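# Notes for the structure review
Take a look at the letters that make up each chain.
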Amino acid sequence: MNSKDFSLKIEALVKEKKISYMDAVILYCESNDIDVGTVNPMINKSLKEKIKNEAINLRMLKEKKGGVLPV
């Protein structure tokens, strides 16, 4: 499996189950008996950015730039 196929499956899980990208990666790994630590090469730049944005919004990561204005 390449990174494009992996990200498409994760996107489908997010839309279908209405869960976060982090949860979708973990769910996919658990359901396919894949170690979560080995999927890093399969996560493309777009998916990494989405996961990073979720983590910043949930205050799991600190944002290095200026704050985000509420809309």
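Small disclaimer: the values here were computed from a predicted structure and weren't measured.

## A word on the overall build of the chain
Along the backbone of the chain there are three helices and zero strands. Projected onto its principal axes, the C-alpha positions of the chain cover 40 × 25 × 20 Å. The proportion of buried residues among the 71 residues of the chain is 28%. Contacts spanning at least 24 positions in sequence make up 48% of the contacts within the chain whose residues lie at least 6 apart. As displayed, the chain offers around 5600 Å² of accessible surface, 55% of which is attributable to carbon and sulfur atoms. Of the charged side chains in the chain, 13 are positive and 10 negative, and the gap between their average positions amounts to 8 Å.

## Here's the deal with unusual backbone geometry
Despite not being glycine, lysine 18 shows a phi value in the positive range, around 55 degrees. With respect to the secondary-structure elements, lysine 18 resides in the loop between α1 (3-17) and α2 (21-31). Phi at arginine 59 takes a positive value of approximately 60 degrees, unusual for a residue other than glycine.

## Some thoughts on the nonpolar core
Ranked by size, the top nonpolar core spans 14 residues in total, and within it Phe6, Ile10, Tyr21, Val25, Val39 and Leu47 carry the most contacts. Of all the elements in the fold, those that place two or more residues in this core are α1, α2 and α3 (45-57). Tallying contributions element by element places α2 first for this core, with five residues. Ignoring any residue separated from it by four or fewer positions in sequence, one finds valine 39 in contact with Phe6, Val25, Cys29 and Ile34.

## Quick word on the environment of tyrosine 21
In this structure, tyrosine 21 sits in helix α2. Since its relative accessible area comes to 14%, tyrosine 21 is described here as buried. With 10 residues separating them along the chain, tyrosine 21 and glutamate 11 place their C-alpha atoms 7.7 Å apart. Among all residues touching tyrosine 21, those that are not within four sequence positions of it are Ile10, Glu11, Val14, Leu47, Lys50, Ile51 and Glu54.

## Quick word on the packing of aromatic side chains
Per the counting criterion, the structure on display carries one aromatic pair. Between the aromatic rings of phenylalanine 6 and tyrosine 28, the centroid separation amounts to 5.5 Å while the plane-to-plane angle is 80 degrees, which identifies the pairing as edge-to-face. Remark: tyrosine 28 occurs in helix α2 and phenylalanine 6 occurs in helix α1; sequence separation between them is 22 residues.

Calculation rules
Residues numbered from 1 in each chain as written. Predicted model: local features only at pLDDT ≥ 70, side-chain atom pairs only at ≥ 80, totals over all residues. Heavy atoms only, no water. Helix = DSSP H or I, 4+ residues; strand = E, 2+ residues; numbered from the N terminus. Buried < 20%, exposed > 50% of the residue type's maximum accessible area, 1.4 Å probe, protein only. Contact = heavy atoms within 4.5 Å. Areas by Shrake-Rupley, 256 points an atom, 1.4 Å probe, with all protein chains shown as cover. Lys, Arg positive; Asp, Glu negative; His and termini not counted. Charge placed at Lys NZ, Arg CZ, Asp CG, Glu CD. Core = buried A, V, L, I, M, F, W, Y, C linked by side-chain atoms within 4.5 Å. Phe/Tyr/Trp six-rings, centres within 6.5 Å; stacked < 30°, edge-to-face > 60°.

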